[in-house]
Amino acid sequence: MNIKIDLPHHPYDIQIEKGCLSQAGKWLRELWQPQKVVIITDNHVASLYAEKVKLSLEDAGFQVAVFDFLEGEERKNLTTVQKAYEFLVKQDLTRSDGIVALGGGVVGDLAGFVASTYMRGIHFVQIPTSLTAQVDSSIGGKTGVNTPFAKNMVGTFAQPDGVLIDPTVLETLGKRELIEGMGEVIKYGLIEDPELWDLLSDMDGSVESILEHSESLNEHSCQVKRKMVVEDELDNGIRLYLNFGHTIGHAIEATAGYGRVMHGEAVAMGMVQVSKVAEQKGLMPMGITQSIREMCQKFGLPVDYENWDVDKLYQALTHDKKARGNTMKLVLVPELGSATIHPVSLEEMKDYLVK
Ligand SMILES: NC(=O)c1ccc[n+]([C@@H]2O[C@H](COP(=O)([O-])OP(=O)(O)OC[C@H]3O[C@@H](n4cnc5c(N)ncnc54)[C@H](O)[C@@H]3O)[C@@H](O)[C@H]2O)c1
Ligand SMILES: [Zn+2]
């Protein structure tokens, strides 16, 4: 399937197809002239897929070099960026050459940042390999790295020239990472896509079922993200819907100590908690919390957090960057498949943390 990201200043396509990784060269040849290309990846993904992609690109006439760094969020920093710049200089990469980001969200964010800043920006494409990267981070143009002060503190908005998604690469992804990505997929169903919700309802929740349906899950998810990203360019704030479950989720991540609870897991807990209170307040339909809880549990996502500490969570929440003055924009789901923004005072926000 081909999904068009119709941004007026930089339209590009997302290509989703099982097995398409071996066609990466042909795909890129339609986007770029034969030229020098650097694949940026991490050591883990490199050992699995870099050679395959490199060969395919070389077959299509590209001159290819591979830069890899140690996998993990800790390496998504300016030191790695500096090493990447050094590598690009050594390869004599110029503004008419390009970068291929091959990996999970860490690689995508870092490679996108490097590409958008090296020589004031050179062309790049995304070949996301984790579920999180395929359904979320590779689309939308947010790039960046962490600093000692904050996560994703330094970054750019930069769109790739294309995104190539091969759902079969998910077969080698760790089980926890795969399940984590389902947190965002479930969110997409809730905020925008009842058909996706039905598909998820029909699945048995096993890893095998995720892999079996990976192409459809990707297609639905990318369509939702596309809609939010493209319409946000019109500045109506719809992109905020993507934050469903994230306000409380971010607070859980922060209080747990980064890395302990994975992002998608925190989102699952956040979706259940915000729904529970919104349902009690009559802002979300009766029974929806139970449906969300059951859906998350079916896919193996945690929905309860044993270290729940209202004061700490509240503190983390009010430090959240989404806090504007004395109100927060909370995303609710008044009906399955559609979202709305509900302004909540910081004081009222405390209600949403009551277990
Ligand atoms: N830019 C955005 O809009 C956006 C959105 C969401 C998340 N993010 C960022 O994405 C990052 C998280 O992404 P992630 O969960 O993909 O983390 P990640 O890139 O660290 O990947 C997780 C692990 O899976 C491995 N891996 C990736 N693909 C694999 C495959 N096919 N087979 C085997 N192993 C594979 C990686 O080597 C790594 O060890 C965070 O840094 C987050 O800030 C960015
Ligand atoms: Zn998220």
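Residues numbered from 1 in each chain as written. Chains lettered and ligands numbered in written order. Predicted model: local features only at pLDDT ≥ 70, side-chain atom pairs only at ≥ 80, totals over all residues. Heavy atoms only, no water.

1. Here we look at the nonpolar core
Ile186, Leu200 and Tyr352 are the most contacted members of the largest nonpolar core, which has 63 residues in total. For this core, the element with the most residues is helix H11 (residues 263–280), which contributes nine residues. Two domains each provide a minimum of three residues to this core, namely domain 1 (2–172) and domain 2 (175–352). Non-local contacts of Ile186, meaning those with residues more than four positions away in its chain, are made with Trp197, Leu200, Met271, Met295, Cys296, Phe299 and Leu301. Val81, Val107, Leu110 and Ala158 belong to the second-largest nonpolar core, a separate cluster that totals 24 residues. (Core = buried A, V, L, I, M, F, W, Y, C linked by side-chain atoms within 4.5 Å. Buried < 20%, exposed > 50% of the residue type's maximum accessible area, 1.4 Å probe, protein only. Helix = DSSP H or I, 4+ residues; strand = E, 2+ residues; numbered from the N terminus. Domains from an automatic or database assignment. Contact = heavy atoms within 4.5 Å.)

2. Let's talk about the packing of helix H3 (residues 78–90) against helix H4 (residues 105–117)
In the contact formed by H3 and H4, the axes pass within 10 Å of each other and the chain directions differ by 55°. Judged by the inter-axis angle, H3 sits oblique to H4. Considering only the axes of H3 and H4, their crossing is right-handed. Touching Leu78, Thr80, Val81, Ala84, Tyr85 and Leu88 of H3 are Leu110, Phe113, Val114 and Thr117, all from H4. In terms of residue class, the contact of H3 with H4 is built from eight nonpolar, two polar and no charged. (Axes fitted to C-alpha atoms, helices over the stretch in contact; angles between N-to-C directions. Parallel < 35°, antiparallel > 145°, perpendicular 65-115°, else oblique. Left-handed = near helix turned anticlockwise from the far one by under 90°. Nonpolar A, V, L, I, M, F, W, Y, C, P; charged D, E, K, R; others polar.)

3. What about the pattern of salt bridges?
As enumerated under the stated definition, the model contains 13 salt bridges in all. A salt bridge links Asp13 to Lys4; its shortest N-O distance comes to 3.0 Å. Residue classification places Lys4 among the partly exposed positions, given a relative accessible area of 46%. In this structure, Lys187 and Glu184 form a salt bridge, with 2.7 Å as the shortest nitrogen-oxygen distance. Separated by three residues within a single helix, Lys187 and Glu184 lie in helix H6 (residues 175–192), roughly one turn from each other. When its relative accessible area of 2% is taken as the criterion, Glu184 is described as buried. Here the salt bridges share partners, and the residues they tie into one network are Glu73, Lys76, Asp109 and Lys151. (Salt bridge = Lys/Arg side-chain N within 4 Å of Asp/Glu carboxyl O.)

4. Re the environment of Ala254
Within the secondary structure, Ala254 is located in helix H10 (residues 246–256). Spatially, the C-alpha atoms of Ala254 and Leu317 are 9.0 Å apart, while their sequence positions differ by 63 residues.

5. Focus: the coordination of the zinc ion (ligand 2)
Bound to the zinc ion (ligand 2) on the protein side are Glu184 (OE), His246 (NE2) and His263 (NE2), at distances that span 2.0 to 2.1 Å. For the zinc ion (ligand 2), the single-chain donor residues occur in sequence as E-x61-H-x16-H. Pair noted here: Glu184 is in helix H6 and His246 is in helix H10, with a separation of 62 residues, a long-range link. (Donors = N, O, S within 2.8 Å, 3.2 Å for Na, K, Ca; no water.)

6. Brief notes about the UniProt feature "domain: 3-dehydroquinate synthase N-terminal" (unreviewed entry) in the protein
The sites that carry the UniProt feature "domain: 3-dehydroquinate synthase N-terminal" (unreviewed entry) are, in the present numbering, residues 70–179. Secondary structure content for residues 70–179 is 35% helix and 22% strand, while the C-alpha to C-alpha distance between its ends is 23 Å. (UniProt positions renumbered as here; feature names shortened; annotations may be inferred.)

7. Observations regarding the site of ligand 1
Taken together, 25 residues are adjacent to ligand 1, and Glu71, Glu73, Thr129, Ser130 and Thr172 come closest. Contacts to ligand 1 include His44, whose side-chain N or O atom sits 3.3 Å from an oxygen atom. Between Thr129 and ligand 1, the recorded distance is 2.7 Å, taken from a side-chain N or O atom to a nitrogen atom. Surface burial for ligand 1 is 87%, taken as the share of its 860 Å² of free accessible area covered by protein chains. Secondary structure elements with two or more residues in the shell around ligand 1: helix H2 (43–59), H4 and helix H5 (131–137). The biggest single contributor to the shell around ligand 1 is H2, with four residues. Class assignment of the residues belonging to the shell around ligand 1 gives a composition of six nonpolar, nine polar and ten charged. (Near = heavy atom within 4 Å. Polar contact = N/O pair within 3.5 Å; in protein donor to acceptor, adjacent residues only side chain to side chain. Areas by Shrake-Rupley, 256 points an atom, 1.4 Å probe, with all protein chains shown as cover.)

8. Brief notes about the side chain of Lys187
Looking at Lys187, the relative accessible area reads 2%, which means it is buried. Not counting residues up to four positions away in its chain, the partners in contact with Lys187 are Leu242, Phe244, His246 and Met271.

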